[in-house]
Amino acid sequence: MIVSLQNEQVKHVVSLHDKKGRKEYREFLVEGKRFVQEAILRQAQLKKIYYTAQDAAMEKSDLQQSLSIGGLVTEIRALGIEAEEVSEAVMRKMSATEAPQGILGMIRKNEFDWQDIKVRKDTILLVVDGIQDPGNLGTILRTALAADVKQIILTKKTVDLYNPKVLRSSMGSVFSQVILADKTPEEIAIFCRQKECSMVVSTMGGTSIFKTNIREDYPLALIMGNEATGPSAFFMEKAAKHYSIPMFNNVESLNASMAAGIFLYEMRRQGQFL
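Residues numbered from 1 in each chain as written. Predicted model: local features only at pLDDT ≥ 70, side-chain atom pairs only at ≥ 80, totals over all residues. Heavy atoms only, no water.

**Points about the packing of aromatic side chains**
Quick note on the threshold: Within 6.5 Å between ring centres, the rings of Phe, Tyr and Trp (the latter by its six-membered ring) count as paired, and their orientation is classed by plane angle as stacked under 30 degrees, edge-to-face over 60, tilted in between.
By the definition in use, this model includes five aromatic pairs. Members of the aromatic cluster, connected to one another through ring pairs, are F28, F35, Y162 and F175.

What follows is the structure in structure tokens.
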């Protein structure tokens, strides 16, 4: 059991709170029973689990035990994953949240590159260009997975994929997606040209997504831009098509994650995949 805040493992976990540490060690953290369970379900590369045994001594029914931290730790150890108990003070130090849930996991990053992106005739790639709000990015990723869009490219100006708020908002979708981060618009355009993949942008002044035949654009890369400024000037110039969502009652714009959901599901509907 780890009780010292100066323990080297504690220091290592704390270093993963920052983007620099996550990049150096190629690891990130997930917190809470639900998120750890999601990591197991989606076969993430769990390296180690840390937990507090505050309820371990309590007598429980089989159902209660299966839902407890103790039950989850038993399941994790059965999978051959190391699990180590820590004091509540250490857990507070390790946690990136104000109210730790008693368990966190350290996960190895998946290392993807361009060769991992597979383009077929019915492919929708999602390009996230400069989204800054962690909650927006996480919700966009979760919505994309629900719409069966599993290949995502993030530009350099987009918030860090492994930001804790992004991960929490994604609800574990990152474990089931191929996500490339820190790519330039130029790199993305070259890839799309090589794969004969149409680049289309979401923008206020485009053609209504409901008044077009999106199947003509397949395979395609949908570019969702920054919350305030939209897609970068490069994408606005290079995109084959500009699409928009019609709005009424003087509503000027929608939340970025909501807009992404509308676009993705309408594209799926028109592609007759729903």
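**Concerning the layout of surface pockets**
Remark: the empty space left among the atoms is shown by a probe the size of a water molecule rolled over them. Here is the rule: Residues are called lining when one of their atoms sits within 4 Å of a cavity or pocket point, these points coming from a 1 Å grid over the protein atoms alone, where a cavity is a set in which a 1.4 Å probe fits but cannot get out and a pocket is an open set with protein on both sides within 12 Å along at least five of seven lines. Grid points are joined across faces, edges and corners, and a volume is the space filled by probe spheres set on the points. Runs of E in the DSSP output that reach at least two residues are strands. Runs of H or I that reach at least four are helices, and both are numbered from the N terminus.
Estimated volume of the largest pocket: approximately 490 Å³. Looking at the largest pocket, it is lined by 20 residues, and the ones nearest its centre are K109, E111, Y162, A181 and D182. Of all the secondary-structure elements, those providing two or more residues to the lining of the largest pocket are α2 (19–25), β6 (151–155) and β7 (178–183). Here the lining of the largest pocket gets five residues from one element, more than from any other, and that element is β7. Lining the second largest pocket are 21 residues, and of these S202, M204, N226, E227 and S253 sit closest to its centre. Mapped onto the lining of the second largest pocket, the elements with two or more residues apiece are β8 (198–208), β9 (220–225) and α11 (256–270).

**Some thoughts on empty space enclosed by the protein**
To keep it simple, the criterion reads: Residues are grouped as follows: Ala, Val, Leu, Ile, Met, Phe, Trp, Tyr, Cys and Pro are nonpolar; Asp, Glu, Lys and Arg are charged; every other residue, Gly included, is polar.
All told, the structure shown has two cavities of 30 Å³ or more when counted by the stated rule. Volume-wise, the largest cavity comes out at about 120 Å³. Lining the largest cavity we find 14 residues, and of these F28, N110, Y162, V174 and F175 sit closest to its centre. When its residues are assigned to classes, the lining of the largest cavity shows nine nonpolar, three polar and two charged. Each pocket or cavity is described by its volume, and for the second largest cavity that value is around 90 Å³.

**Comments concerning the environment of L220**
Let me state the cut-off plainly: The contact definition used throughout considers only heavy atoms, calling two residues in contact when any of these lie within 4.5 Å.
Assignment of secondary structure puts L220 in strand β9. Between the C-alpha atom of L220 and that of E196, which follows or precedes it by 24 residues, the distance is 8.5 Å. Once you skip the residues sitting within four places of it in the chain, L220 turns out to touch T123, I124, L125, C197, S198, V200, I214 and M267.

**Side note on the pattern of salt bridges**
Where charged atoms from two side chains of opposite charge approach closely, those side chains can pair. Selection criterion: We define a salt bridge as a side-chain nitrogen of Lys or Arg found within 4 Å of a carboxyl oxygen belonging to Asp or Glu. Only protein chains enter the accessibility calculation, which uses a 1.4 Å probe. A residue is then buried if its area is under 20% of the maximum for its type, exposed if over 50%, and partly exposed in between.
Under the criterion given, the structure shown has eleven salt bridges. In this structure, R120 engages D122 in a salt bridge whose closest nitrogen and oxygen atoms are separated by 3.5 Å. We classify D122 as partly exposed; its relative accessible area is 25%. A salt bridge links K241 to D217; the shortest N-O distance between them is 2.8 Å. Pair noted here: K241 is in strand β10 (residues 241–244) and D217 is in the loop between β8 and β9, with a separation of 24 residues, a long-range link. Using a relative accessible area of 3% as the deciding quantity, one classes D217 as buried.

**Side note on the sheet that holds β6**
Quick note on the threshold: Each pair of strands is called paired provided DSSP finds at least two bridges between the two strands. Think of each axis as a best-fit line through the C-alpha atoms, taken over the contacting stretch in the case of a helix, with angles from 0 to 180 degrees between the N-to-C directions.
Here six strands make up an open sheet; going across it, the order is β7-β6-β5-β9-β8-β10 and the pairing parallel. Each of the sheet's edge strands pairs with one partner strand only, and the pair in question is β7 and β10. Across the sheet, the mean angle from the axis of one strand to that of its neighbour is 30°, orientation sign disregarded. As defined by bridge partners, β8 adjoins β9 across four bridges and the pair is classed as parallel. Residue pairing in the sheet places V201 in a bridge with I223 of β9. On top of the sheet, helix α9 (residues 185–194) reaches β5 (124–129), β6, β7, β8 and β9; it is set at about 130° to β7, its chief contact. Across the face of the sheet, α11 comes into contact with β5, β8, β9 and β10 while running at roughly 165° to β9.

**Description of the packing of helix α7 (residues 134–146) against α11**
As a reminder of what qualifies: Between 65 and 115 degrees an angle is taken as roughly perpendicular, under 35 as roughly parallel, over 145 as roughly antiparallel, and anywhere else as oblique. Two helices that cross are described as forming a left-handed crossing if the nearer one is turned anticlockwise from the farther one by less than a right angle, and a right-handed crossing if clockwise.
Running from amino to carboxyl end, α7 crosses α11 at an angle of 15°, the nearest separation of the two axes being 8 Å. What the angle tells us is that α7 and α11 run roughly parallel. Like other packed secondary-structure pairs, α7 and α11 cross with a definite hand, here right-handed. Along its contact with α7, which presents N136, T139, I140, T143, A144 and A146, the element α11 presents A256, S257, A260, G261, L264 and Y265. Of the residues assigned to the contact of α7 with α11, the class counts are seven nonpolar, five polar and no charged.

**Considering the pairing of strand β2 (residues 46–51)**
Burial of β2 is extensive: five of the six residues sit out of reach of the surface. For β2 and strand β4 (residues 103–108), the ladder comprises five bridges, and the chain directions are antiparallel. By the bridge assignment, I49 is partnered in β4 with G105. Note: β2 against strand β3 (residues 82–85), four bridges, orientation parallel. Looking at the pairing, K48 lines up with E82 of β3.

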